[in-house]
Amino acid sequence: RGDVFLSGGADGTIRRYCTNSGKFVSFWNAHGDDWVTSLALVQSKDGELVISGSTDRTCVLWQLGGGDDDGGRGRKVLVFEGHKEAVWAVEQCDESSFISGSWDATVRQWSFISSICLRVFNIGSGVESLCVPAFNLFVTGCDNGKIKLWFIMTGECVESWTG
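This report concerns the structure included in the present document.

What counts, and where the lines are drawn
- Residues numbered from 1 in each chain as written.
- Predicted model: local features only at pLDDT ≥ 70, side-chain atom pairs only at ≥ 80, totals over all residues.
- Heavy atoms only, no water.
- Helix = DSSP H or I, 4+ residues; strand = E, 2+ residues; numbered from the N terminus.
- Rg over C-alpha atoms; globule rule 2.2 N^0.38 Å.
- Buried < 20%, exposed > 50% of the residue type's maximum accessible area, 1.4 Å probe, protein only.
- Contact = heavy atoms within 4.5 Å.
- Areas by Shrake-Rupley, 256 points an atom, 1.4 Å probe, with all protein chains shown as cover.
- Lys, Arg positive; Asp, Glu negative; His and termini not counted.
- Charge placed at Lys NZ, Arg CZ, Asp CG, Glu CD.
- Salt bridge = Lys/Arg side-chain N within 4 Å of Asp/Glu carboxyl O.
- Pairing = 2+ DSSP bridges.
- Axes fitted to C-alpha atoms, helices over the stretch in contact; angles between N-to-C directions.

A few words now on the overall build of the protein chain. Helix and strand counts for the protein chain stand at zero helices and 15 strands. For 163 residues, the compact-globule formula gives about 15 Å, and the C-alpha radius of gyration of the protein chain, at 16 Å, lands near that figure. Along the three orthogonal principal directions, the C-alpha set of the protein chain runs to about 50 × 30 × 30 Å. Residues counted as buried form 46% of the 163 residues belonging to the protein chain. Within the protein chain, contacts between residues at least 6 apart in sequence are counted, and of these 30% link residues at least 24 apart. Here the protein chain has roughly 8200 Å² of accessible surface; of this, 50% comes from carbon and sulfur atoms. Here the protein chain holds 14 positive side-chain charges and 20 negative ones, and the gap between their average locations is 1 Å.

Let us look at the environment of Phe 98. For Phe 98, the position within the fold is in strand β9 (residues 97–102). Using a relative accessible area of 0% as the deciding quantity, one classes Phe 98 as buried. In this structure, the C-alpha to C-alpha distance between Phe 98 and Arg 75, residues 23 residues apart in sequence, is 19 Å. For Phe 98, the contacting residues outside a window of four places in its chain are Ile 51, Cys 59, Phe 80, Val 90, Glu 91, Gln 92, Cys 93, Arg 108, Gln 109, Trp 110 and Phe 112.

To continue, consider the pattern of salt bridges. Two side chains with opposite charge may pair up if their charged atoms get near one another. Enumeration over the complete set of coordinates arrives at two salt bridges. The salt bridge partner of Arg 15 is Asp 11, with a shortest N-O separation of 3.5 Å. Arg 16 is the salt-bridge partner of Glu 48, the closest N and O atoms lying 3.1 Å from each other. Taken together, the residues Glu 48 in the loop between β4 (36–42) and β5 (49–54) and Arg 16 in strand β2 (residues 13–18) connect sequence positions 32 residues apart. For the pair shown, Glu 48 and Arg 16 are each scored as buried.

Of all seven residues making up strand β6 (residues 58–64), seven are buried, and the element is well covered by its neighbours. Side chains Thr 58, Val 60, Trp 62 and Leu 64 project from β6 onto one buried face, and the interleaved Cys 59, Leu 61 and Gln 63 project onto a second face that is buried too. In sequence, β5 turns back onto β6 through a hairpin of three residues, with Arg 57 there showing a positive phi of about 75°. As defined by bridge partners, β6 adjoins strand β7 (residues 74–81) across seven bridges and the pair is classed as antiparallel. Pairing of Val 60 across the sheet is with Val 79, part of β7.

Attention now moves to the sheet that holds strand β11 (residues 117–122). Ordered in space as β8-β9-β10-β11, the four strands form an open sheet in which the pairing is antiparallel. Looking along the sheet, the strands with just one partner apiece sit at the ends: β8 (87–94) and β11. Strand-to-strand, the axes of this sheet are offset by a mean angle of 20°, without reference to chain direction. Bridge count between β9 and strand β10 (residues 106–111): five bridges; the pairing is antiparallel. Directly across from Phe 98, in β10, lies its bridge partner Trp 110.

Structural data, given as structure tokens:
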């Protein structure tokens with residue numbers, strides 16, 4: 001939705017703001033003492049959801065609260081574990097999955113429903129950023145300066161550029 005924006009910090013928290021007023025709404029401890037490195041709002045019929053990535057090597061799916069009873073904080077729904085290094089990027093793929101990129105040189109596709117890893121893509125270098133520009137495609141930005149376009153279904157790299 002367009003009325004919320006979030007920030008993640010080196011203190012392990014996620015902070016929520018109102019876009020209409022710019023005012024701070026709430027915060028919650030999301031990843032202990034580890035950095036929150038990435039956030040992605042999820043388009044869902046189940047309400048406001050967000051994915052966080054962290055230096056603790058996990059991703060977490062959060063249900064954003066909105067009522068006075070929860071103070072607008074997030075409620076942990078699922079934890080996604082499998083990366084061997086810090087997660088630096090998360091991005092929704094479709095209505096049932098998202099991808100995460102890590103310094104372990106992999107991108108993983110995860111199910112929102114079961115929290116299982118659907119696919120592991122070996123990228124060859126630490127992943128610092130991700131983008132899903134179209135159905136069945138994703139783009140990686142890596143620590144070696146390479147930008148690559150990949151097919152989600154096959155894991156094939158279809159284009160590579162040096163940034």
